[in-house]
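Structural characterization, general
Single-letter residue listing:
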Amino acid sequence: MNTRQAAFVLRLSEMKDAASLMELDQVVWNRETAPEPLHWTSRDQYLLHNPPGTQVVAFLDDCLCGYVGHRPPTGLASNRHVWEIHIAVHPSWQRQGVGFQLMEAMKAMARSEGIRKLRLRVLSSNPGAQAFYTRCDFIEEGRLVQEFDVDGRFVDDILMRCFL
């Protein structure tokens, strides 16, 4: 086992994590990984979209290495068994096992909450993320063809799911 991997502390996000999580979003969500870069205008705006406890965070000492967050895809009672997830791992910590640990923690948390399906979205221009999700037992269940114009090239929005 990688010694860096063994030292990760996984826990639910707290108010005190907001600034670090916002910084990580600035680093991770760019034109290669999202239709548009993600820029939070304020801590309040961030917390409105990502309340404490809706993310599993991975820390090594005081360094935020990554997170995986969840939210219900709709407000419908008939859709309560599904969580839409999003994951971000700092580039310095990618391919170190933190992403896999985060996904496993999210699956365990979802099961304990009675969630039966996790879903996510990934750009067709991000084959590395697609391969990671496949290794985490996600499969493609749909594709919105040429959904985004990213810097003059059309990319698909791939919908993936994992049944628990």
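Summary of the structure given here. (Residues numbered from 1 in each chain as written. Predicted model: local features only at pLDDT ≥ 70, side-chain atom pairs only at ≥ 80, totals over all residues. Heavy atoms only, no water.)

1. As for the overall build of the protein chain
- For the protein chain, the count of helices and strands is five helices and seven strands.
- For 164 residues, the compact-globule formula gives about 15 Å, and the C-alpha radius of gyration of the protein chain, at 16 Å, lands near that figure.
- With respect to the three principal axes, the spread of C-alpha positions in the protein chain is 40 × 40 × 35 Å.
- Counting the 164 residues in the protein chain, one finds 44% classified as buried.
- Relative to all contacts within the protein chain whose residues are 6 or more apart in sequence, the contacts with residues 24 or more apart total 62%.
- Carbon and sulfur atoms make up 52% of the accessible area of the protein chain, which totals about 9,000 Å².
- Taking the average place of the 18 positive charges on the side chains of the protein chain and the average place of its 20 negative ones, the gap between the two points comes to 6 Å. (Helix = DSSP H or I, 4+ residues; strand = E, 2+ residues; numbered from the N terminus. Rg over C-alpha atoms; globule rule 2.2 N^0.38 Å. Buried < 20%, exposed > 50% of the residue type's maximum accessible area, 1.4 Å probe, protein only. Contact = heavy atoms within 4.5 Å. Areas by Shrake-Rupley, 256 points an atom, 1.4 Å probe, with all protein chains shown as cover. Lys, Arg positive; Asp, Glu negative; His and termini not counted. Charge placed at Lys NZ, Arg CZ, Asp CG, Glu CD.)

2. Remarks on the pairing of strand β6 (residues 139–150)
- One ladder, built from eight bridges, connects β6 with strand β7 (residues 153–163); its direction is antiparallel. Pairing of Asp-149 across the sheet is with Phe-154, part of β7.
- Linking two consecutive strands that pair antiparallel, namely β6 and β7, is a turn of two residues; a positive phi of about 55° is found at Asp-151 within it. (Pairing = 2+ DSSP bridges.)

3. Quick word on helix α5 (residues 127–135)
- Inspection of α5 places Ala-129, Gln-130, Phe-132 and Tyr-133 among the buried residues, and these make up the whole buried set. For α5, the angular spread of the buried residues around the axis is 160°, confining them to a single face. The outward face of α5, more than 90 degrees from its buried face, is lined by the exposed residues Pro-127 and Arg-135.
- Here the buried face of α5 lies against β4 (82–89), α4 (98–112), β5 (117–123) and β7.
- Trailing α5 by a residue or two, Asp-137 shows a phi angle of about 75°, which is positive. (Arc of directions from axis to C-beta.)

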